[in-house]
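Structural characterization, general
Listed here are the chains, written in short residue letters.
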Amino acid sequence: MKKSLLLVSLSLAVFMGCGMKKEYIRVTDQLDSIEVREKKIDRRTAVMDSLIQIQMGMIYELRAELRSLSASAGEKWSIAEQQQEDNKYRPLPIGPNQPDPKGPAPEPKAEVPSETNPKKLYDASYLDITKGNYDLALAGFNEFLKRFPKHDLADNAQYWIGEGYYAQKKYEPALTEFEKVVGNYPGKDKEPAALYKMGLCLQEMGDKAKARQYWQLLVKKYPKSPEAALASDKLK
Amino acid sequence: MKIKYVLLILLSTILCQNVFGRADVYLKLSTSERRQLELGIAPLQAQDAKDHPEAIVNAQKMLEIIGDDLAFSLYFKLVYPPSLLEGYGLKKGRLDIGAWQMLGARQVLIPELKQEKKKVILKLSVFDLGIQRQVFSKDFEPDGSRAAAHAASDLIIKNLSGEDGVSSTKIAFSLKSGKNKELMLADYDGGGLRALTNFNSINISPDWQPGGGALAFVSFYRNRTDIVSLNLASGQTAIISQTEGLNTSPAWSPDGKSLALTLSKDGNAEIYLLSPETKELRRLTNSWAIDCSPSWSPNGRELVFNSDRPGSPQLYIMDSEGANIRRLTYQGGYNTSPSWSPRGDKIAFVSRIDGRFQVCTIDITGDNFVQLTYEGDNEDPSWSPDGLHLCFSSSRTGSHQIWRMHWDGSAQQAITNNGGSYMPAWGPVQ
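1. Considerations on the overall build of chain A
- Counting its regular elements, chain A contains 10 helices and zero strands.
- Each helix and strand of chain A, ordered N terminal to C terminal, gives the series α-α-α-α-α-α-α-α-α-α.
- In chain A, which comprises 236 residues, the proportion classed as buried is 29%.
- Within chain A, residue pairs in contact and separated by at least 24 positions form 42% of the contacts whose partners lie at least 6 positions apart.

Put into structure tokens, the structure is as follows:
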């Protein structure tokens, strides 16, 4: 930068035709001295590089010495421990939705702290449904109903328990759970969907006559619901 | 001697701080936060291949692609030796463990060109500095091909993280050419671009069949809308849906057994489920409104879709029987093009914000509406199979290009340079 500035000023000086020779000599002297300084800096950088290398070598030696000292003081630096430490840094849990680094629990059990946020428990259980972790989802929703039986989302949780079984093609327990939506939460917003699903469960179980009864009830009780339109198609 | 002990005390203080400081940071990390492995990338050792300059050039080319893949994967934080110090990280041709530890690396990728009999091979190995042993080693042909480089990246990702990488995945999209739009296929980074169709017609909305062997898309080649399947290996096409009226927005179910699609055969646009094998067609939605653009949940039990039943386009979720419909989006007056994350938790979509279309995400619970793009119009988001990245089309540089980014909106980059690129669909891991 300095160089180019000097060159510009030099050209100006020449162009304007004033001063001239003395000024020219002064500026070329300055350029020479800059070049000399640059060379010195280069040399110094090279020296510093090798110094860094040497110092790093010293640091490694010291670190090795420190390790042996620590070991003698009772601290263990075993490879196994180091590996365990390293495993902590493996990038398994990543992104918006993380798998448990320890893997899925052998016996699904919703571990709920004493001060549980009902919405968080409900959302986590629903996420397990969408990911196909049905056992975890069922455990979570059952825990939700146990802890918050009067919550606004209780009928939804009961519906998702039915859905958790239905998705696994376990139609008998699914029917039982959907029945609870109708029986325990009558008039709530999941009732039409539960009635429709009860019909589907019965259809899958081979009881088409009873399935039709539920769909007829749905069309009669909730004629404007989307499920009533689906049930009407089934009744044709 | 005294100086040595002073240095030792000083150093032990630093190391203790380092160790305990690191543990403290680790404890603060929750599972939802990103953790990356610090991976050093050693310079290519090519003493054995001095007589094969072409192999050296090819290997360098491959290493550049591998570096880009590993950095984009989000599993690694790459550590390169400082350019000032040539030969850094190697001591007498061997890995200088201390030097890499000083740079903060925990593992180091060591690329070597080796002469084996009459053949030159590119050996890639990874050395773990913690346990001080090699944790990965594989020989590759240094042919300079992008496919070989991407395959190497995915092998490294799988071995070091246990996860499937997306480096070898492809993106299909629709490219405007005069009055027509033809389907194109590119690597996930835009390389290896090739045409899939040459129908001299409009071909849009590609959707990958699970497994990646075929694409379903909407074609106007018969001067009407048909849903067509294209076998990528044989190039053969077959019409999947040709009902009266519109046949649009195909979406394969995760098990590949059924196709959700939008048909207007009964008057207005509704979502149906088609079994291509049995030809069984089942109607899922039934309203006076336009229902379209279905996208599956990863368990194949639910669909997010677009409906203007509240008076403006909004996102809804229903199960695959068409029951239990509920509204997902309430923010903004125009939300379309939903795409359900393979991780299950988020839905990417397009929202009109201040008169422009922007890619956003929302949790499946309806919480956390997040805007990811800000410049130009950004449309048609599609998730990578690992749910960590998105591709989309953007007009921010003047014409529509295909872009990619991470799930949180970071690292946005264009992967095409021909204008008129729309509707990308990120293919599966194969």
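2. Some remarks on unusual backbone geometry
All names here are of chain B.
- Although it is not a glycine, Ser249 adopts a positive phi angle of roughly 40°.
- Considering the arrangement of structural elements, one finds Ser249 in strand S15 (residues 247-252).
- Judged by the 24 C-beta atoms lying within 10 Å of it, Ser249 falls in the buried class.
- The phi dihedral of Ser337 is positive, around 50°, even though this residue is not glycine.
- Secondary-structure assignment places Ser337 in strand S23 (residues 335-340).
- Judged by C-beta crowding, with 23 C-beta atoms within 10 Å, Ser337 ranks as buried.

3. Looking at the environment of A:Leu202
Residue and element names in this part refer to chain A.
- With respect to the element layout, Leu202 can be found in helix H8 (residues 191-204).
- Leu202 gets classed as buried once you count the C-beta atoms within 10 Å, which come to 20.
- Note: C-alpha distance between Leu202 and Thr176 (26 residues apart in sequence) is 11 Å.
- Setting aside chain neighbours within four positions, we find Leu202 in contact with Leu175, Asp207, Lys210, Ala211 and Tyr214.

4. A few points about the sheet that holds strand S21 (residues 314-319) of chain B
Residue and element names in this part refer to chain B.
- Spatially, S19-S20-S21-S22 is the arrangement adopted by the four strands of the open sheet, whose pairing is antiparallel. The open sheet is flanked by strand S19 (291-296) and strand S22 (326-327), the only strands paired with a single partner.
- Bridge count for strand S20 (residues 302-307) against S21 is six bridges, and the pairing is antiparallel. Counted as the bridge partner of Glu302 is Asp319 from S21.

5. Re the confidence of the model for chain B
All names here are of chain B.
- Confidence in the prediction for chain B averages 89 pLDDT; 91% of positions are at 70 or higher.
- Segment residues 1-33: pLDDT under 50, and 16 contacts once partners within four positions in sequence are set aside and those in other chains are kept.
- Interface predicted TM-score (ipTM) for the complex: 0.81; the corresponding pTM is 0.78.

6. Considerations on the pairing of strand S9 (residues 180-187) of chain B
Residues and elements named next belong to chain B.
- Where strand S8 (residues 170-177) lies against S9, eight bridges are found, and the strand directions are antiparallel. Within S9, the position partnered with Ile171 by the bridge is Ala186.
- Once S8 ends, the chain turns through two residues before running back antiparallel as S9, passing Gly178 with a positive phi of about 65°.
- Bridge count for S9 against strand S10 (residues 194-195) is two bridges, and the pairing is antiparallel.

Reading the values: the criteria
- Residues numbered from 1 in each chain as written.
- Chains lettered and ligands numbered in written order.
- Predicted model: local features only at pLDDT ≥ 70, side-chain atom pairs only at ≥ 80, totals over all residues.
- Helix = DSSP H or I, 4+ residues; strand = E, 2+ residues; numbered from the N terminus.
- Buried ≥ 20, exposed ≤ 12 C-beta atoms within 10 Å, placed from the backbone.
- Contact = placed C-beta atoms within 7 Å.
- Pairing = 2+ DSSP bridges.
- pLDDT = per-residue confidence, 0-100.

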